[in-house]
Amino acid sequence: MRRFPCLFLSSLLALALWCNAAGAAEVRVFRPMEEGLSAMHIRALAMAEGFAQAVAEASQAMLPAKLDEARAEYFKEYLTGRAEPYVMGYKVLSTEASKAGLILSLDVTVNKSTLREGLRGLGLMADGPTSASVVLPGDLDEATRAQVEHLEVLSGLRAEDSALPRFTLERAREKDVYRARLETADREWMAVGKDIPALWLDLWARYFVRENAAEARSESHTLAVTGWFSPDAALEFDRVLRGWDSSVQDVRLVEMDMQPTGVGATWVFRLLSADRLAVQLQGFLPQRGLSYKLEERAAN
């Protein structure tokens, strides 16, 4: 029996992983003409909207559950102007300019790995609503207060007085500058700045990423599959498994065995939906003459 270690596999899978880290989407957006804005400015706004739409569509396959209408709307609102970090590349397919506005068609390649981390930071990967309290300045204007309320919905917070974690926003001495603080039972984070959504994401991302890491340690599973005729077939399944974003995440191929009966391989991942994964495995593996074993991984 020949066993391939993780170091060898990391080199063998480099190209495959890069392909799986990217997802392409074609989007078409319309941006109406606005008085006082140049054609170049209108095009930039349409481009930002196209990126946001592509990233939002790519997110759908990664999320553990479909977002409700309000949360999906606020997610798209949040992404507009902030989606570029998740874009690996794009191609303009067509542009149609008229007096009414600009229609822009794009082919956008999304960095799924970076996007997954962004979704975690926004709280979109959480299994359910997070009980929390949000404390705002009494003199906060209506528009800014509404902006924070949208962020609460986006991050899946359920407001409860005196609940932890607690997000507190205060005015700093400098004009238009805010001081934000996020408290949990054992931690406290602080940030200062003018952009409230940026402050919100900075602090809540630290909380959600920390919580996600704890869940990942407790929900880690191994999947061992045997019966392939060649390593290439196992690598093809690796690509398929990584595409099941709503069932599993943080997928790693940790071992491949060359056995007399065929090729075997083992993966480690975080399990999001056992029922969904069971259906996917049953629909893919047995019909190819493959056997598998799914087990919960012991916590480190």
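Just so it is clear, the structure is predicted and the values come from calculations on it, not from any experiment.

## Digging into the overall build of the chain
- Secondary structure summary: the chain contains nine helices and 13 strands in total.
- In the chain, buried positions account for 44% of the 300 residues.
- Excluding contacts between residues fewer than 6 apart, the proportion of contacts in the chain whose partners are at least 24 apart in sequence is 66%.

## Overview of the pattern of salt bridges
- Evaluation of the coordinates by the stated rule reveals 18 salt bridges.
- Across the pair Arg120 and Glu117 runs a salt bridge, and its minimum N-O distance is 2.4 Å. On the criterion of helical spacing, the pair formed by Arg120 and Glu117 is a turn pair, its members being three residues apart in helix α5 (residues 112-122).
- Given the relative accessible area of 8%, Arg120 is considered buried.
- Taking the relative accessible area as the measure of exposure, Glu117 reaches 38% and is therefore partly exposed.
- When the shortest N-O distance is used, the salt bridge between Arg239 and Glu236 registers 2.6 Å. One end of the pair is Arg239 and the other is Glu236, both in helix α8 (residues 231-242) and three residues apart, which spans about a single turn.

## Focus on a negative patch on the surface
- Side chains of Asp68, Glu69, Glu73 and Glu77 sit close together on the surface and give a patch of like negative charge.
- Its location among the elements puts Glu69 in helix α4 (residues 69-79).

## Digging into the sheet that holds strand β7 (residues 166-171)
- The mixed open sheet is built from five strands, whose spatial order is β6-β5-β7-β8-β9. The sheet terminates laterally at β6 (157-159) and β9 (188-193), the two strands that pair on one side only. Neighbouring strand axes in the sheet, compared pairwise and without regard to direction, differ in orientation by 30° on average.
- With three bridges joining them, strand β5 (residues 130-135) and β6 adopt parallel strand pairing. What sits directly across from Ala132, in β6, is Ala159.

## Things to note about the packing of α4 against helix α6 (residues 142-154)
- It is the contact of α4 with α6, at a shortest axis distance of 9 Å, that shows an interaxial angle of 115°. When the axes of α4 and α6 are compared, the crossing they make is left-handed. Where α4 approaches α6, its residues Arg71, Tyr74, Phe75, Glu77 and Tyr78 are matched on the opposing element by His150, Leu151, Val153 and Leu154.
- Looking at the contact of α4 with α6 residue by residue, the classes come out as six nonpolar, one polar and two charged.

## A look at unusual backbone geometry
- For the bond from Leu164 to Pro165, the omega torsion is 5°, close enough to zero to count as cis.
- Following the sequence through the fold, Pro165 ends up in the loop between β6 and β7.

## Considerations on the pairing of strand β10 (residues 220-228)
- Where β10 lies against strand β12 (residues 262-271), eight bridges are found, and the strand directions are antiparallel. Looking at β12, one finds that Val225 is bridged to Ala265.
- Pairing between β10 and strand β13 (residues 291-296): six bridges, direction antiparallel. From the neighbouring strand, Val225 faces β13, where its bridge partner is Tyr292.

## Some thoughts on the pairing of strand β4 (residues 101-111)
- The buried fraction of β4 amounts to eight of the 11 residues, a majority that puts the element mostly inside the structure.
- In this structure, strand β3 (residues 87-97) lies alongside β4, joined through nine bridges in antiparallel fashion. Note on β4: the bridge partner recorded for Val87 is Val110.
- Between the end of β3 and the start of β4, which pair antiparallel, lie three residues.

The rules behind these values
Residues numbered from 1 in each chain as written. Predicted model: local features only at pLDDT ≥ 70, side-chain atom pairs only at ≥ 80, totals over all residues. Heavy atoms only, no water. Helix = DSSP H or I, 4+ residues; strand = E, 2+ residues; numbered from the N terminus. Buried < 20%, exposed > 50% of the residue type's maximum accessible area, 1.4 Å probe, protein only. Contact = heavy atoms within 4.5 Å. Salt bridge = Lys/Arg side-chain N within 4 Å of Asp/Glu carboxyl O. Patch = residues over 30% accessible without salt bridge, like charges linked within 9 Å, V, L, I, M, F, W, Y side chains within 5 Å. Areas by Shrake-Rupley, 256 points an atom, 1.4 Å probe, with all protein chains shown as cover. Lys, Arg positive; Asp, Glu negative; His and termini not counted. Charge placed at Lys NZ, Arg CZ, Asp CG, Glu CD. Pairing = 2+ DSSP bridges. Axes fitted to C-alpha atoms, helices over the stretch in contact; angles between N-to-C directions. Left-handed = near helix turned anticlockwise from the far one by under 90°. Nonpolar A, V, L, I, M, F, W, Y, C, P; charged D, E, K, R; others polar.

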